[in-house]
Amino acid sequence: MKNFFATRTGIVSVGLVIGVFAALLQYWGNPGNMGICVACFERDIAGAVGLHRAGVVQYMRPEIIGFVLGAMVAAFVGRDFRPRTGSAPIVRFVLGAFAMIGALVFLGCPWRAFLRLAGGDLNAIFGILGLVVGVWIGTLFFRRGYSLGRSQKTYTSVGLVMPLIMAGFLILMLLFPQIEGQAKSGILLYSLKGPGAMHAPLLISLAVGLLVGAIAQRSRFCTMGAFRDLILFKQVHLFSGVLALVVAAFVINLVLGQVHVGFEGQPVAHSQSIWNFAGMVLAGLCFALAGGCPGRQLFLSGEGDGDAAVFVFGMIVGAAFAHNFGLASSPKGVGPHGIAAVFIGLAVCLLIGLTMRKKA
Amino acid sequence: MSELIDARGLSCPQPVLDTLTKIESMGSGKLEVLVDTEAARENVSRAVQGKGWRVDSIAEDGDEYRLELIKE
C-alpha cells in the first residue's frame, strides 16, 4: 500500500498543516510563538503534576496528549503499530533530560525555534544555528559507528503504556478541570499567570494534537531529522516539511497580525545569543543521538516504541530538574546554573557518543 | 551472490546509513536489507533510489521486510 504521507507532497502537506494550526493555536490562546512547543508543553505537564513548582508554567497540555493518541490511532490504521523496546533505555532517558535542559536554556524545542522565527523573533536564528551544529556533531558520531543498539519486539501492552498514560492524563484533566482563579484543582496544578495560564480551549488543543499526531506519524515528520538527513545524506525530504511549516506559520501569522520582527521584547524569549545558540547545540545533539526531535519521540511512543517513551519521560523529568535547579532561562536571561548545565550536558553527550560504538 | 544488511531493531538513521555505506563500497550488484519498521522500509527505499539503485522486491514476513536492492 502506497503511503501518501511518505511522498514529497505528503511531507510538505504535513508541514503546512502543522504551521497553520500552530499559528492558529496562538490566536486561540496559546502563548506567543508557542502554538506548539513540545519541550515547553512537556515542561508545563511536569508542572501540572507538581514535579516542579514554577507557578507560571503549570498546565496539562492537551496537544501533547493528542500527539501520542493521534499517532497511536494512525499507527493502528496504517498497520504500523510495532511494540518494541530495549535499545539502551537509560541512555535515552538521560539524553531526554539533557535535551530538555538545553531546550529550556534556549526556551523552546526545534518546533518552537521555527515558530519563533515565523513570528519574527530573530533570536531564534541563533537557536536554529545551534540546533544545526548539535545535529552535525551527532552525525560525526554516527559516521564513527555510534549506535544505541537494537530494540526487541515486545508485547502489545508494552507499546500501549505511553498512550495509556496520556489517556490517564486526559482523564485527570476532565476529573479536575481548571477552576477560574484557582491554582489547584484536585491534584492538578494550573498557572494563574505566565505562559502556563495561556492556552487554547481544551477541546481545540486536543483536536489539533490528534490531527497533528496522526499525520506526523504517517509522514515521520522530524525537525531534527530534517537537518540530519541534509548533512548525512544530502536528502531534502524531511527538510521540505520543516520549510513548509515555517512558511505556513509565517503567512498565517501575517494574516493574524502576529509577526513582530526584532530581538528585544519577544514573547517567552531572551536575547543572550550565545546561550540561545549553546542551549540548542546541546538539545540538537541529544535529539540526534536519540534519533528524533521531541515531536518525533512522541509520535514514536504512540506507535509502540517504548524507548522513545523513555526519552519523553527523560524530558519531563529533565524539565523538573531544570526548574528546581535554576537551569531554565526566563525572559530576563539564562538561569543561575543554566550555563553549567549546558557544559555538563555536552560532556555527557560526548561520553555517550564516544563510548557507545559498534565494532566495524 | 547478494550481500545482506540486518537493520532490524535499529533506529534512525542507522538502517539508511548502513545501507548507503554498503552500496557505496559495492558500486553495483545485489544487496538485501532486513528492516522491521515501515519508516525504515520507506527511508531505505527512498535513499537508495537517489543513488541510482532500484528496489527490486519487498518481501513481507510478519512484521519484517526483506528489501532486494539492485544496481546493474
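Every chain is numbered on its own, with residues counted from 1 as its sequence reads. Each chain is given a letter, starting from A, and each ligand a number, starting from 1, according to the order in which they appear as written. The predicted nature of this model means local features are confined to residues of pLDDT at least 70 and side-chain atom pairs, given and counted, to a pLDDT of 80 or more, with totals for whole chains, interfaces and linings taken over all residues. Each side-chain value is derived from all of the structure's non-hydrogen atoms; neither hydrogens nor water enter the calculation.

1. Quick word on the overall build of chain B
Phase 1: Counting from the N terminus, the helices are DSSP H or I runs at least four residues long and the strands are E runs at least two residues long. Of regular secondary structure, chain B possesses 2 helices and 4 strands.
Phase 2: Each helix and strand of chain B, ordered N terminal to C terminal, gives the series β-α-β-α-β-β.
Phase 3: For chain B, whose C-alpha radius of gyration is 11 Å, the value lies close to the compact-globule estimate of 11 Å for 72 residues.
Phase 4: Once the C-alpha set of chain B is aligned to its principal axes, its extents read approximately 30 × 20 × 20 Å.
Phase 5: Residue burial in chain B is summarised as follows: out of 72 residues, 51% are buried.
Phase 6: Contacts in chain B between residues far apart in sequence, at least 24 positions, make up 62% of those at least 6 positions apart.
Phase 7: Of the roughly 3300 Å² that chain B leaves accessible, carbon and sulfur atoms contribute 43%. With the radius of gyration taken over C-alpha atoms, the globule rule is written as 2.2 Å times the number of residues to the power 0.38. Only protein chains enter the calculation, and the probe is 1.4 Å; a residue is then buried if its accessible area is under 20% of its type maximum, exposed if over 50%, and partly exposed in between. Here, residues are in contact when the closest pair of their heavy atoms is within 4.5 Å. Here the open area of atoms and residues is found with the Shrake-Rupley method and a 1.4 Å probe, where only the protein chains shown may cover a residue.

2. Here's the deal with the overall build of chain A
Phase 1: Scanning chain A for helices and strands turns up 15 helices and 4 strands.
Phase 2: Computed over its C-alpha atoms, the radius of gyration of chain A comes to 18 Å, within 12% of the 21 Å expected for a compact globule of 360 residues.
Phase 3: Principal-axis analysis of the C-alpha atoms gives chain A an extent of 60 × 45 × 40 Å.
Phase 4: Across chain A, every contact between residues at least 6 apart in sequence was considered, and the portion connecting residues at least 24 apart equals 80%.
Phase 5: Here chain A displays about 13100 Å² of accessible surface, and carbon together with sulfur accounts for 72% of that area.
Phase 6: Computed over 26 positive and 11 negative side-chain charges, the inter-centroid distance for chain A is 10 Å. In summary, the charge assignment counts Lys and Arg as positive and Asp and Glu as negative, without counting His or the chain termini. A charged residue contributes its charge at one atom only: NZ of Lys, CZ of Arg, CG of Asp or CD of Glu.

3. Focus on the interface of chain B and chain A
Phase 1: Opposite the 23 residues of chain B that make contact, chain A presents 24 residues.
Phase 2: By buried area we mean how much accessible surface two parts lose on assembly, using a 1.4 Å probe and totalling the loss over both. For the pair chain B and chain A, the summed buried area comes to about 2100 Å², and 48% of that belongs to carbon and sulfur atoms.
Phase 3: Considering only the side of chain B, the residues that lose the most area to chain A are Pro 13, Leu 17 and Arg 46 of chain B, jointly responsible for 24% of the buried surface there.
Phase 4: Each salt bridge in this description consists of a side-chain nitrogen of Lys or Arg and a carboxyl oxygen of Asp or Glu lying within 4 Å of one another. The interface formed by chain B and chain A includes 5 salt bridges.
Phase 5: Think of a polar contact as two N or O atoms within 3.5 Å of one another; within protein, one of them needs to be a possible hydrogen donor and the other a possible acceptor, and neighboring residues in sequence only count if both atoms come from side chains. One can count 13 residue pairs in polar contact (both at pLDDT 80 or more) joining chain B with chain A.
Phase 6: Each residue belonging to the side of chain B that touches chain A can be placed in one class, and the counts come to 10 nonpolar, 4 polar and 9 charged. Note on residue categories: nonpolar means Ala, Val, Leu, Ile, Met, Phe, Trp, Tyr, Cys or Pro, charged means Asp, Glu, Lys or Arg, and polar means any other residue, Gly included.

4. As for the state of the cysteines
Residues and elements named next belong to chain A.
Phase 1: Disulfide assignment relies on a single distance test, namely cysteine sulfur atoms paired within 2.5 Å. According to the stated counting rule, one finds 1 disulfide over all chains in the structure shown.
Phase 2: Disulfide pairing is shown between Cys 37 and Cys 40; the S-S distance is 2.3 Å. Between Cys 37 and Cys 40, the S-S torsion sits near 65°, and that sign places the bridge as right-handed. Each member of the pair, Cys 37 together with Cys 40, is buried.
Phase 3: In this structure Cys 286 is a free cysteine whose sulfur lies 3.5 Å from that of Cys 349, the closest cysteine sulfur available.

5. Some words on the nonpolar core
The nonpolar side chains of a soluble globular protein tend to be buried with one another.
Phase 1: As used in this record, nonpolar core signifies buried Ala, Val, Leu, Ile, Met, Phe, Trp, Tyr and Cys residues forming a set joined through side-chain atoms within 4.5 Å. Residues Leu 95, Trp 111 and Phe 221 of chain A are the most contacted members of the largest nonpolar core, which totals 114 residues.
Phase 2: Residues contacting Trp 111 of chain A, with those up to four places away along its chain left out, are Ile 18, Ile 36, Val 38, Phe 67, Val 212, Phe 221, Thr 223, Cys 293, Gly 295 and Phe 299 of chain A.

6. Some remarks on the sheet that holds strand S4 (residues 64-71) of chain B
All names here are of chain B.
Phase 1: Read from one edge to the other, the open sheet built from 4 strands follows the order S1-S2-S4-S3, with strand pairing classed as mixed. This sheet does not close on itself; its edge strands, each paired only once, are strand S1 (3-6) and strand S3 (54-61). Going from strand to strand, the sheet's axes swing by 20° on average, the running direction of each strand aside.
Phase 2: Strand pairing requires that DSSP identify at least two bridges connecting the strands. In this structure, S3 lies alongside S4, joined through 7 bridges in antiparallel fashion. Across the sheet, residue Ala 59 finds its bridge partner in S4, namely Arg 66.
Phase 3: Think of each axis as a best-fit line through the C-alpha atoms, taken over the contacting stretch in the case of a helix, with angles from 0 to 180 degrees between the N-to-C directions. Sheet strands in contact with helix H1 (residues 14-26) are S1, strand S2 (29-35) and S4, and its direction is about 170° off that of S2.

7. Observations regarding the pattern of salt bridges
Phase 1: Here the structure, examined in full by the defined rule, presents 20 salt bridges over all chains.
Phase 2: The partner of Arg 116 of chain A in a salt bridge is Asp 121 of chain A, and the shortest N-O contact between them spans 2.8 Å.
Phase 3: With relative accessibility at 0%, the residue Arg 116 of chain A sits in the buried group.
Phase 4: Between Arg 66 of chain B and Glu 32 of chain B there is a salt bridge; the shortest N-O distance is 2.9 Å. Residue Arg 66 of chain B is found in strand S4, and its partner Glu 32 of chain B is found in strand S2; the two are separated by 34 residues along the sequence.

8. Thoughts on helix H2 (residues 38-49) of chain B
Phase 1: With 12 residues, H2 of chain B should reach 16 Å at 1.5 Å per residue; the first-to-last C-alpha distance of 17 Å fits that figure.
Phase 2: Counted residue by residue, H2 of chain B has 10 buried out of 12 residues, so it is predominantly covered.
Phase 3: In the core, the buried residues of H2 of chain B are packed alongside helix H13 (294-302) of chain A together with H1, S2, S3 and S4 of chain B. By definition here, a helix of n residues has an expected span of 1.5 Å times n minus one.

9. Section: the packing of helix H2 (residues 38-48) of chain A against helix H4 (residues 89-106) of chain A
All names here are of chain A.
Phase 1: With their axes 10 Å apart at the nearest point, H2 and H4 run at an angle of 105° to one another. Here H4 runs roughly perpendicular to H2, going by the angle between their axes. Only Met 100, Ala 103 and Leu 104 of H4 make contact with H2, whose side of the interface consists of Ala 39, Glu 42 and Arg 43.
Phase 2: Here the residues of the contact of H2 with H4 sort into 4 nonpolar, no polar and 2 charged. Each angle is binned into one of four classes, with values under 35 degrees roughly parallel, values over 145 roughly antiparallel, values of 65 to 115 roughly perpendicular, and all other values oblique.

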